[in-house]
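A look at the structure
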Amino acid sequence: MSIEKIIQNATVEALKTLYNADIDINQVQVQNTRKEFEGDVTIVVFPFLRASKKSPELTANDLGSYLSEKVDIVDSFNVIKGFLNLVINNTYWLEVLRDIYQNQDFGTKSVTEDSELVMVEYSSPNTNKPLHLGHIRNNLLGFSISEIAKANGKKVVKTNIVNDRGIHICKSMYAWKMWGNGKTPENSGMKGDHLVGEFYVEFDKHYKAEIAELVAGGMTKEEAENQAPSIIAAREMLRKWEAKDEETVELWKTMNGWVYEGFDVTYKNLGVDFDKIYYESETYLVGRDEVIRGLKEGIFSQREDQSVWADLTADGLDQKLLLRSDGTSVYMTQDIGTAKMRFNDYSIDKMVYVVGNEQNYHFQVLAILLDKLGFEWGKDLYHFSYGMVELPSGKMKSREGTVVDADDLMDGMTEVARNMSKELGKLESLSGEEAEKTFRMIALAALKYFILKVDPRKNMMFNPEESIDFNGNTGPFIQYTYARIQSVLRKATEKGLAMDAGLPVTELSVKEKDLLKRLSLFPSVVQEAGDNYSPAVVANYCYELVKEFNQFYHDHSILGESDPGTMNFRLILASSVGQVVQKGMNLLGIEMPERM
RNA sequence: GCCUCGGUAGCUCAGUUGGAUAGAGCAACUGCCUUCUAAGCAGUAGGUCAUGGGUUCGAAUCCCGUCCGGGGUACCA
């Protein structure tokens with residue numbers, strides 16, 4: 001039982017005995033005592049004044065006396081204004097440490113047969129351009145909330161829905177056909193996704209020029225946008241693709257193949273993976289069938305031009321298009337089909353979509369549509385809506401080349417990590433290969449931590465010049481602390497020191513106790529992160545934990561300690577911090593180096 | 001217009017179901033390596049929590065108004 005629960009229960013009992021009052025357990029606010037006061041946990045007594053009919057001070061004294069007498073982990077208490085500070089005895093804290101040290105699963109729940117199955121959709125790229133910083137946030141969040149869900153005892157299926165069809169792909173295809181001169185990843189040495197993305201930009205360049213020319217010739221902008229030769233050709237390609245024209249399908253397969261090879265490299269470097277991948281080229285027809293079924297059943301309606309619509313005015317929303325007048329499907333149609341296939345494939349208890357907040361409306365509508373179509377899970381879908389990544393120059397736009405490319409960013413940060421390591425004279429004992437692996441690990445930690453430490457719901461600013469930091473509240477700082485701990489533990493092993501989990505009760509210094517208290521919070525952090533879908537909670541906890549450790553490390557010698565019992569305690573404390581930090585950072589997809 | 005999310009130190013961000021004197025990092029300045037890794041530790045300085053009201057023992061947090069900003073409101077995704 002957590003300390004909070006112990007104190008809450010005892011307080012409810014105390015109020016009953018002292019004042020014959022029935023107080024709900026949730027009324028008992030137990031918080032960590034602020035550093036400037038003596039004590040470990042604090043009870044706010046204001047909510048009990050009605051029951052006690054006494055001043056805050058007297059009420060707190062009554063309660064404090066009762067608790068220190070009846071609850072064996074409570075040693076003493078003090079009262080400041082309406083706050084009752086309780087001092088918890090060392091026996092309890094050492095018991096906690098013993099548990100952390102010995103229990104490999106400390107803080108996490110294991111998955112069982114009847115665990116809830118959560119499917120997490122994330123990444124969801126288009127196959128016409130490489131991944132950029134915005135996708136990185138998506139991928140990191142998706143991966144991390146999946147890991148956090150697992151730590152909370154859920155079965156997790158990570159899934160990716162690849163948008164591999166549509167007009168945007170045809171634009172790249174058409175541009176390659178026209179101006180590609182047979183360029184391939186092999187003959188150009190270019191990464192496949194970057195190559196295809198180049199032609200997407202190329203298309204836009206020609207398209208814009210054509211529009212300008214047509215407008216100069218007297219056309220309105222709208223007319224020009226619809227009649228430019230490039231766009232007409234791209235549309236024709238899409239039509240051919242849907243008609244399964246052999247040559248078009250062949251080109252589509254080839255170019256998508258290049259993109260997938262490129263994506264695989266990026267995903268691997270980023271350290272994310274998927275259990276099941278869906279392709280929109282396979283799901284959109286399922287969606288179309290569902291919409292047609294809905295039309296037959298009178299859930300949707302058809303207009304004179306043959307387009308199909310859902311009327312959501314009763315739900316306070318608008319009319320929503322589901323099939324175009326030419327019978328082709330839209331984004332919403334595909335998502336209906338994808339959802340249906342997923343629920344056929346798995347017995348999903350919870351469906352989570354990791355998609356940017358620009359699509360809040362889309363998912364609100366999707367939930368209602370799935371519900372109307374009779375899928376009982378529809379309205380329970382969870383849209384994990386995260387904020388945009390902004391640059392100092394504003395929004396990122398692929399077509400205009402104002403994006404921070406994912407591969408470039410990772411490479412660039414690795415370069416910075418390498419230079420900094422060399423400057424500091426670190427890792428000189430490692431082989432080139434091992435050192436290179438560590439540079440990459442550090443760079444990725446910097447990037448991932450920077451992104452995951454902020455509240456996912458909020459927009460965030462990324463300044464390529466300034467955001468690459470390795471000191472202070474950063475991933476590398478946490479890694480550094482971990483490496484320090486491992487270094488101490490290695491030296492302890494070399495000296496033949498065995499760690500004894502017996503832990504006889506000793507005096508604890510302020511720093512030792514603060515660190516131990518922080519460690520004990522890990523399980524509630526994991527749970528809170530799971531409940532709120534927030535990797536940021538874990539990130540901030542890890543930072544506070546290692547910050548606390550560094551203070552302890554600075555003030556106390558571990559291996560230089562003369563008292564064997566104290567040294568043993570400190571070794572176990574350090575080792576436990578290492579374990580918890582590693583576990584926490586792994587929930588963020590961040591690896592810990594043994595040396596750095 | 002309507003819907004929606006946000007505004008905390010010069011910058012980037014924390015701040016639990018309302019609790020004590022609002023916290024970190026970066027940037028600036030100052031100390032600490034003969035000692036387990038100085039990618040560290042300690043200190044100085046930096047705030048009208050956008051703004052005006054309200055609710056109460058208590059508001060950055062809850063409610064209403066105003067200002068500013070993001071996103072959405074497509075036969076784009």
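Residues numbered from 1 in each chain as written. Chains lettered and ligands numbered in written order. Predicted model: local features only at pLDDT ≥ 70, side-chain atom pairs only at ≥ 80, totals over all residues. Heavy atoms only, no water.

What surrounds RNA strand B is a group of 63 residues, the closest being Phe83, Asn163, Asp305, Lys426 and His556. In RNA strand B, the atoms that sit within 4 Å of the protein are 61% sugar and phosphate, with bases accounting for the remainder. Between a phosphate oxygen of RNA strand B and a main-chain N or O atom of Met461, the distance comes to 2.5 Å. At a separation of 3.1 Å, a sugar or linking oxygen of RNA strand B approaches a polar side-chain atom of His554. Taken together, the elements giving at least two residues each to the surface near RNA strand B come down to strand 2 (41-44), strand 4 (83-88), helix 15 (406-424), strand 14 (460-461), helix 17 (475-494) and helix 20 (535-555). (Near = heavy atom within 4 Å. Polar contact = N/O pair within 3.5 Å; in protein donor to acceptor, adjacent residues only side chain to side chain. Helix = DSSP H or I, 4+ residues; strand = E, 2+ residues; numbered from the N terminus.)

The subject of this paragraph is the sheet that holds strand 12 (residues 382-386). Across the sheet, 5 strands lie side by side as 7-6-5-11-12; this open sheet has parallel pairing. In this open sheet, the two edge strands, each paired with only one partner strand, are strand 7 (276-279) and strand 12. When strand polarity is set aside, the average angle formed by the axes of neighbouring strands in this sheet is 25 degrees. Bridge count between strand 5 (residues 117-121) and strand 6 (residues 155-162): 5 bridges; the pairing is parallel. (Pairing = 2+ DSSP bridges. Axes fitted to C-alpha atoms, helices over the stretch in contact; angles between N-to-C directions.)

Looking now at the pattern of salt bridges. Across all of its chains, the model carries 34 salt bridges by this definition. A salt bridge links Lys513 to Asp40; the shortest N-O distance between them is 3.3 Å. Taken together, the residues Lys513 in helix 18 (residues 510-520) and Asp40 in the loop between strand 1 (30-32) and strand 2 connect sequence positions 473 residues apart. Residue Lys513 is classed as buried on the basis of its relative accessible area of 15%. Residues Lys158 and Glu147 are paired through a salt bridge, measuring 3.5 Å at the closest nitrogen-oxygen approach. Separated by 11 residues along the polypeptide, Lys158 in strand 6 and Glu147 in helix 5 (residues 133-151) bring together distant segments of the chain. The pair formed by Lys158 and Glu147 is uniform in burial state, with each residue classed as buried. The network of salt bridges with common partners includes Lys35, Arg518, Glu544 and Glu548. (Salt bridge = Lys/Arg side-chain N within 4 Å of Asp/Glu carboxyl O. Buried < 20%, exposed > 50% of the residue type's maximum accessible area, 1.4 Å probe, protein only.)

What follows covers the packing of helix 12 (residues 280-296) against helix 13 (residues 331-345). Axis separation between helix 12 and helix 13 bottoms out at 6 Å; the angle between their running directions is 95 degrees. Comparing the axis directions of helix 12 and helix 13 gives the class roughly perpendicular. Residues Glu280, Glu282, Thr283, Tyr284, Val286, Gly287, Arg288, Glu290 and Val291 of helix 12 touch helix 13, and the partners they reach there are Thr333, Gln334, Ile336, Gly337, Thr338, Lys340 and Met341. Classifying every residue of the contact of helix 12 with helix 13 by side-chain character gives 5 nonpolar, 6 polar and 5 charged. (Parallel < 35°, antiparallel > 145°, perpendicular 65-115°, else oblique. Contact = heavy atoms within 4.5 Å. Nonpolar A, V, L, I, M, F, W, Y, C, P; charged D, E, K, R; others polar.)

A few words on the domain arrangement of chain A. The domain architecture assigned to chain A consists of domain 1 (3-88), domain 2 (166-274) and domain 3 (281-347). Placing the centre of domain 2 and that of domain 3 at their C-alpha centroids yields a distance of 27 Å. (Domains from an automatic or database assignment.)

Attention now moves to the packing of aromatic side chains. Summed over all chains, the structure comprises 23 aromatic pairs. With a centroid separation of 6.1 Å and an interplanar angle of 40 degrees, the aromatic rings of Trp241 and Tyr284 are classed as tilted. Of this pair, Trp241 sits in helix 10 (residues 229-242) while Tyr284 sits in helix 12, placing them 43 residues apart in sequence. Tyr284 sits in the buried class, given a relative accessible area of 4%. One aromatic cluster in this structure is built from Tyr122, Phe263, Tyr267 and Phe274. In this arrangement the basic side chain of Arg165 is found over the ring face of Tyr284, its NZ or CZ atom lying 4.0 Å from the centre. When the ring centre of Tyr278 is taken as origin, the NZ or CZ atom of Lys276, which lies over that ring, is 5.1 Å away. (Phe/Tyr/Trp six-rings, centres within 6.5 Å; stacked < 30°, edge-to-face > 60°. Lys NZ or Arg CZ within 6 Å of the ring centre and 35° of its normal.)

For the rest of this paragraph, the subject is unusual backbone geometry. Although it is not a glycine, Asn20 sits at a positive phi angle of roughly 55 degrees. Structurally, Asn20 is set in the loop between helix 1 (3-19) and strand 1.

Tracing the sequence through the fold places Thr42 in strand 2. A residue is classified by how much of its surface remains accessible, and Thr42, at 5% relative accessible area, is buried. A distance of 2.7 Å separates a polar atom in the side chain of Thr42 from a polar atom in the side chain of Thr33. If sequence neighbours within four positions are ignored, Thr42 has contacts with Gln29, Val30, Gln31, Thr33, Phe83, Leu84 and Asn85.

Our next topic: the sheet that holds strand 2. Spatially, the 4 strands line up as an open sheet ordered 1-2-4-3, and their pairing is antiparallel. Of all the strands in the sheet, the pair left with one neighbour each is strand 1 and strand 3 (74-80). Neighbour-to-neighbour, the strand axes of this sheet turn through a mean angle of 30 degrees, independent of strand direction. Across 3 bridges, strand 1 lies against strand 2 in antiparallel orientation.

Walk down a regular strand and you will see the side chains alternate between the two sheet faces. By the criterion of burial, strand 5 is predominantly enclosed, with 5 of the 5 residues buried. Of the two faces of strand 5, the one holding Leu117, Met119 and Glu121 and the one holding Val118 and Val120 are both buried throughout. On the question of chirality, the crossover connecting strand 5 to the parallel strand 6 by way of helix 5 is right-handed. Two elements, strand 5 and strand 11 (residues 350-356), share 4 bridges in a ladder whose sense is parallel. (Right-handed = clockwise from strand over helix to strand, strands pointing away.)

Position of Ser534 among the secondary structure elements: in the loop between helix 19 (522-531) and helix 20. With a relative accessible area of 7%, Ser534 lands in the buried category. In this structure the C-alpha to C-alpha distance between Ser534 and Gly294, which are 240 residues apart in sequence, comes to 37 Å. Once residues lying within four places of it in the same chain are set aside, the contact partners of Ser534 are Ile148, Pro456, Arg457 and Ala529.

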